[in-house]
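Here are the chains, one letter per residue:
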Amino acid sequence: MSPRVGHVITSGNTREAADVVSPLLSVSNLHKTYGSGPSAFEALKGLDLDIAEGESIAIIGKSGSGKSTLMHLLALLDRPTSGSIMLDGTDTSRLSAKQLNQTRNSAFGFVFQQFFLNAQASVLDNVTLPLKIAGVGRRERTAQGIAALAQLEIDDKAGNRANDLSGGQKQRVVIARALINQPRVIFADEPTGNLDTATGAVVEDILFDLNRRRGINLVVVTHDEELASRCDRRIYIRDGLIAAREAVAA
Amino acid sequence: MRGVDVLSTAFKNAFRSRLRTSLTVLAIFIGAFTLSLTNGLGTGINQYIDDTVASVGVDDVMTVTKASEEEPTDGPAEYDPNQIAADGAPGATATALTDDDIDTIAGIDGVESVEPSKSVMVDYVRHDDGTRYQLSVAEFVPGMRIELVSGEQVDLDASDPELVLPESYVEPLDLGSAADAVGQTVVLAVTDATGEQVTTEATVVGVAEPGVLTMGGAVPNDVLAAELYDLQTTGAPEAETTRYAEASVSFDTSGGATQTEALQDRLADAGFTGSTLEDQLGTITAVIDGIVLVLNGFAVIALVAAGIGIVNTLFMAVQERTREVGLMKAMGLSSGRVFSLFSIEAVVIGLVGSALGVLGAVGAGQLVNGVSGDLLADLPGLTLIAFDPVGVATVVLGVMAIAFLAGTLPALRAARQDPISSLRYE
């Protein structure tokens, strides 16, 4: 069912791209309730979802549908009220706060609608932030940061202040930052929402290219049908449940 | 995140909003500056007193008075025929020592010798029928060494009356230079008990620098002191001549402080109060320490206000960086590290402010010392504001501790932030 090639290269290692045998992320009967008592709001009402290794998936829904909540739970930014999230066969509810932090730091990359760049810091410092959090030394950080920027063809801006870049350049920096820790999944929340059509298309190309060539999973939250249609699978969320699933017609 | 990265990030963050940080640093600067200066004042004055005591080197003599038998009461004090005026505040009295008391003291274990001090009121001093000047005669403590401009110390065993004259008398008495004054003879006058003014002569053996101990008075040797006392008490009833305000007791210092204390205890048991020069100066030191403490209190109030400034500054920083904190937490930064980032930022602000404050105080101290050298010329060797490394380090570390405490509140808020709502924060 997957149009991907058999082998993908990730962080220099060859990894077997297995089919849905053991999903990277597996969600079952996921509930998330905000608040309690009469004012409680049930954002997710028992949702099941498997995401295979190397897959790109779009989560689509209106605001308030629960799509962002789902992404936050998948990205281990929040804990579900009930239900389980398995990452690589490990039940994430058993992980300690420290292990969750480490997992997010080493396995996930984040691209948000807003750039969340430190305007005064240099582009390089912004890009290497995940490595700094991971405790990588300065020299190693710089080398990897330049390499990540080179992949996105903005290494000439490494010394610039983040504030001096255009919107498209900023989003490239954000992608470089999401890539620098060699993640297995990139979570993108409306990655093109703040960009004009042309720039947005370039950023999309970059993301899907990473997915295709390096086998990095993409989890895209969007209400842009055009962006969603480029993903392997589309999940439509309505009122906390999956309303429809669509696989790409190869 | 590595410790060194936490440090450097916190340091950079502290100066991201330069104006705001500078103003907070300024507030801390003022507090640290004041605290260092008041501390320096205490250190300077106490150092001067210590140095003075050291140069005098009288550590084997204590002043003994008769302990007051009655506790002070609110009502009028009962008349005590043995009471005489004592040094100190006007109206202060002490119970006089009699010859019997002197014998008792001499008999106490550990007392090597006892000498009743004979207070003398000199009417005037005069040289060569010139102008007559008032002169006070300083309390003479055996073993005392006076800072001299010229000449030498009075000779204890000399059979001729000698005295050391303060430098300020040399010119008015027409003695020429300080060196010329040595060896000349001056006339001293006292009024005896019958009201008659009598004079005696004494040789100037030394000229004294102004100092704390002599208080601008002349220092006689034993012979002169005895002679003046005899002249003064001529015609007085015997009961009057054998009453002394205090006595000087020589003792062996080889036993150290414990032996000295034991001797003081024995004196106390016999009904006397013995105090060494160090004790007496210790009182002055204690008073100065008290004053400095009060001044420090004001400086600490300024520092507490500055600490609240830090709280405010950091709360604003946390607010500003809500999304950044959210992002870093999403990327796996632990709450503990977030707390460290903000609390170290507070400590950095405290460190910069206090370091500048201490430096400023040292600079201001140099200026003040330059000026006070001219204004307080009577106290040579006085460094009005002195800094000791321990005091300076205490101020800097104390301010950093205050800054850390001030930073905990905002740092806790940042550490507790939920990454999701932080990222949504507009």
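It should be emphasised that the depicted structure is a prediction, and the values quoted were computed from it without experimental measurement.

1. Concerning the overall build of chain A
Piece 1. When its secondary structure is counted, chain A shows eight helices and twelve strands.
Piece 2. Here chain A, with 250 residues, has 53% of them falling under the buried criterion.
Piece 3. The contacts of chain A with a sequence gap of at least 6 include a subset with a gap of at least 24, amounting to 68%.
Piece 4. A total of about 11000 Å² of accessible surface is found on chain A, and carbon and sulfur atoms cover 49% of it.

2. Observations concerning the environment of B:Glu345
Residue and element names in this part refer to chain B.
Piece 1. Structurally, glutamate 345 is set in helix α10 (residues 335-375).
Piece 2. With relative accessibility at 3%, the residue glutamate 345 sits in the buried group.
Piece 3. Sequence separation between glutamate 345 and serine 8 is 337 residues, and the spatial gap between their C-alpha atoms is 9.6 Å.
Piece 4. Ignoring any residue separated from it by four or fewer positions in sequence, one finds glutamate 345 in contact with Ala10, Asn13, Ala14, Leu314, Ala317, Arg321 and Ser340.
Piece 5. Among the polar contacts made by the side chain of glutamate 345, one reaches the side chain of arginine 321 at a distance of 3.0 Å.

3. As for the sheet that holds strand β3 (residues 25-34) of chain A
Residues and elements named next belong to chain A.
Piece 1. With antiparallel pairing, the four strands of this open sheet are ordered in space as β4-β3-β6-β7. In this open sheet, the two edge strands, each paired with only one partner strand, are β4 (41-51) and β7 (90-91).
Piece 2. Where β3 and strand β6 (residues 82-87) come together, five bridges link them in antiparallel fashion. If you follow valine 27 over to β6, its bridge partner there is isoleucine 85.
Piece 3. Taken strand by strand, helix α1 (residues 67-74) contacts β3, β4 and β6, and its axis lies near 55° from that of β4.

4. Considerations on helix α7 (residues 256-269) of chain B
All names here are of chain B.
Piece 1. For α7, with 14 residues, the first-to-last C-alpha span of 20 Å sits near the 20 Å given by 1.5 Å per residue.
Piece 2. On its buried face, α7 sits against β1 (61-66), α3 (99-107), β4 (111-117), β11 (246-251), β12 (272-276) and α8 (277-320).
Piece 3. Immediately downstream of α7, the backbone of glycine 271 shows phi near 95°, a positive value.

5. Here's the deal with the pattern of salt bridges
Residue and element names in this part refer to chain A.
Piece 1. Scanning the model with the defined rule gives twelve salt bridges over all chains in all.
Piece 2. In this structure, the salt-bridge partner of aspartate 78 is lysine 32, at a minimum N-O distance of 3.5 Å. In this pair, aspartate 78 is assigned in the loop between α1 and β6 and lysine 32 in strand β3, connecting sequence segments 46 residues apart.
Piece 3. Between arginine 230 and aspartate 205 there is a salt bridge, with the nearest N and O atoms lying 2.9 Å from each other. You can see arginine 230 sitting in the loop between α8 (225-228) and β11 (233-238) and its partner aspartate 205 sitting in helix α7 (residues 197-214), a full 25 residues away along the chain.
Piece 4. Owing to a relative accessible area of 31%, arginine 230 belongs among the partly exposed residues under this scheme.
Piece 5. Put simply, Glu53, Asp88 and Arg184 are held in one network by salt bridges that share partners.

6. Thoughts on α3(B)
Residues three or four positions apart in an α-helix share a direction because the helix packs 3.6 residues into each turn.
Residue and element names in this part refer to chain B.
Piece 1. Turning to α3, its buried residues number three or more, namely Asp101, Ile102 and Ile105. Looking straight down α3, one finds its buried side chains confined to an arc of 100°; they lie on one side. When the buried face of α3 is taken as reference, the exposed residues oriented beyond 90 degrees from it are Asp100, Asp103 and Gly107.
Piece 2. Those residues of α3 hidden inside the fold are in contact with β1, β4, β11, α7 and β12.

7. Concerning the layout of surface pockets
Over the atoms rolls a probe the size of a water molecule, and its path tells where empty space is left.
Piece 1. Within this model, the second largest pocket holds a volume of roughly 870 Å³.
Piece 2. In terms of lining residues, the second largest pocket is bounded by 30 residues, among which A:Asn118, A:Ala119, A:Gln120, B:Arg16 and B:Glu324 are the most central.
Piece 3. Those elements that place two or more of their residues in the lining of the second largest pocket are α3 (123-127), α4 (129-134) and α6 (167-179) of chain A together with α1 (3-14) and α9 (322-330) of chain B.
Piece 4. Tallied by class, residues from the lining of the second largest pocket come to ten nonpolar, eight polar and twelve charged.

8. What about the pairing of strand β5 (residues 56-60) of chain A?
Residue and element names in this part refer to chain A.
Piece 1. Among the five residues in β5, five count as buried, and that is most of the element.
Piece 2. Because side chains alternate across β5, one face comprises the buried residues Ser56, Ala58 and Ile60, and the other comprises Ile57 and Ile59, equally buried.
Piece 3. In terms of strand pairing, β5 meets strand β10 (residues 217-222) through five bridges, oriented parallel. Bridge assignment links serine 56 to a residue of β10, and that residue is leucine 218.
Piece 4. Relative to β11, β5 runs parallel, the two sharing four bridges. Paired with isoleucine 59 across the strands is isoleucine 235, a residue of β11.

9. Focus on the interface of chain B and chain A
Piece 1. Facing the 21 residues of chain B at the interface are 25 residues of chain A.
Piece 2. When chain B packs against chain A, close to 2100 Å² is buried across both sides, 56% of that on carbon and sulfur atoms.
Piece 3. Three residues stand out in chain B for area buried against chain A, namely B:Leu327, B:Met331 and B:Ile420, and they jointly supply 29% of the buried area on that side.
Piece 4. Run the count over chain B and chain A and you get one salt bridge.
Piece 5. Where B:Asp5 meets A:Arg141, a salt bridge forms, and the shortest distance between an N and an O atom there is 2.7 Å.
Piece 6. Joining chain B to chain A, the criterion identifies seven residue pairs in polar contact (both at pLDDT 80 or more).
Piece 7. At the level of secondary structure, the elements contributing two or more residues to the side of chain B that touches chain A comprise α1, α9 and α12 (419-424) of chain B.

10. Here's the deal with a nonpolar patch on the surface
Residues and elements named next belong to chain B.
Piece 1. A surface patch of nonpolar side chains, about 410 Å² in accessible area, is lined by Leu19, Leu23, Leu26 and Ile30.
Piece 2. Structurally, leucine 26 can be placed in helix α2 (residues 18-56).
Piece 3. By relative accessible area, leucine 26 is classed as partly exposed at 44%.

11. Comments concerning the nonpolar core
Piece 1. Ranked by size, the top nonpolar core spans 72 residues in total, and within it A:Leu49, A:Leu70, A:Leu74, A:Phe187 and B:Phe342 carry the most contacts.
Piece 2. The biggest single contributor to this core is α8(B), with eight residues.

12. Considerations on the sheet that holds strand β8 (residues 108-111) of chain A
All names here are of chain A.
Piece 1. Read from one edge of the open sheet, six strands run β8-β9-β10-β5-β11-β12, paired in mixed fashion. The strands lining the two open edges of the sheet, one partner per strand, are β8 and β12 (241-247). Strand-to-strand twist across the sheet, computed as the mean angle between neighbouring axes with direction ignored, equals 15°.
Piece 2. The sheet strands contacting helix α2 (residues 97-107) are β8 and β9 (185-189), and the helix crosses β8 at an angle near 70°.
Piece 3. Each of β8 and β9 is contacted by α6, which is oriented at about 165° to β8, the strand it contacts most.

Cut-offs applied
Here the residue index of a chain counts from 1 through its sequence in written order. Just so you know, chain letters begin at A and ligand numbers begin at 1, following the order they were written in. Totals for whole chains, interfaces and linings use every residue, but because this is a predicted model, local features are given only for residues with pLDDT of at least 70 and side-chain atom pairs only at 80 or more, for both listing and counting. With hydrogens and water stripped out, all remaining heavy atoms of the structure feed into the side-chain values. Secondary structure elements are defined from DSSP: runs of H or I of at least 4 residues count as helices, runs of E of at least 2 residues count as strands, and each element is numbered from the N terminus. The classification of residues rests on relative accessible area computed with a 1.4 Å probe and restricted to protein chains. Under 20% of the type maximum is buried, over 50% is exposed, and intermediate values are partly exposed. Any pair of residues with heavy atoms lying within 4.5 Å of one another is described as a contacting pair. Using a 1.4 Å probe, the Shrake-Rupley method yields the accessible areas, and only the shown protein chains count as cover for residues. Here a polar contact is taken to be a pair of N or O atoms separated by no more than 3.5 Å, where protein atoms must pair a possible hydrogen donor with a possible acceptor and residues adjacent in sequence count only if both atoms sit in side chains. What makes two strands pair is DSSP finding at least two bridges between them. To obtain an axis, a line is fitted to C-alpha atoms, over the contacting stretch when the element is a helix, and the angle between two such axes runs from 0 to 180 degrees between their N-to-C directions. Helices are assigned an expected span. That span is 1.5 Å times one less than the residue count. By definition, a salt bridge exists where a carboxyl oxygen of Asp or Glu is found within 4 Å of a side-chain nitrogen of Lys or Arg. The arc in question is the one spanned by the directions pointing from the helix axis to the C-beta atoms. For each structure, a 1 Å grid was placed over the protein atoms alone; sets of points admitting a 1.4 Å probe that cannot get out are labelled cavities, open sets with protein on both sides within 12 Å along at least five of seven lines are labelled pockets, and lining residues have an atom within 4 Å of a point. Grid points are joined across faces, edges and corners, and a volume is the space filled by probe spheres set on the points. Only Asp, Glu, Lys and Arg are considered charged, only Ala, Val, Leu, Ile, Met, Phe, Trp, Tyr, Cys and Pro nonpolar, and every remaining residue, Gly among them, polar. Buried surface area refers to the total accessible area, computed with a probe of radius 1.4 Å, that the two partners give up upon joining, counted for both partners together. Exposure above 30% relative accessible area and the lack of any salt bridge qualify a residue for a patch; like charges then connect within 9 Å, and the nonpolar side chains Val, Leu, Ile, Met, Phe, Trp and Tyr within 5 Å. Among buried residues, the Ala, Val, Leu, Ile, Met, Phe, Trp, Tyr and Cys ones that are joined through side-chain atoms within 4.5 Å form a nonpolar core.

So far we have only geometry, and geometry alone does not tell us how the molecule works.
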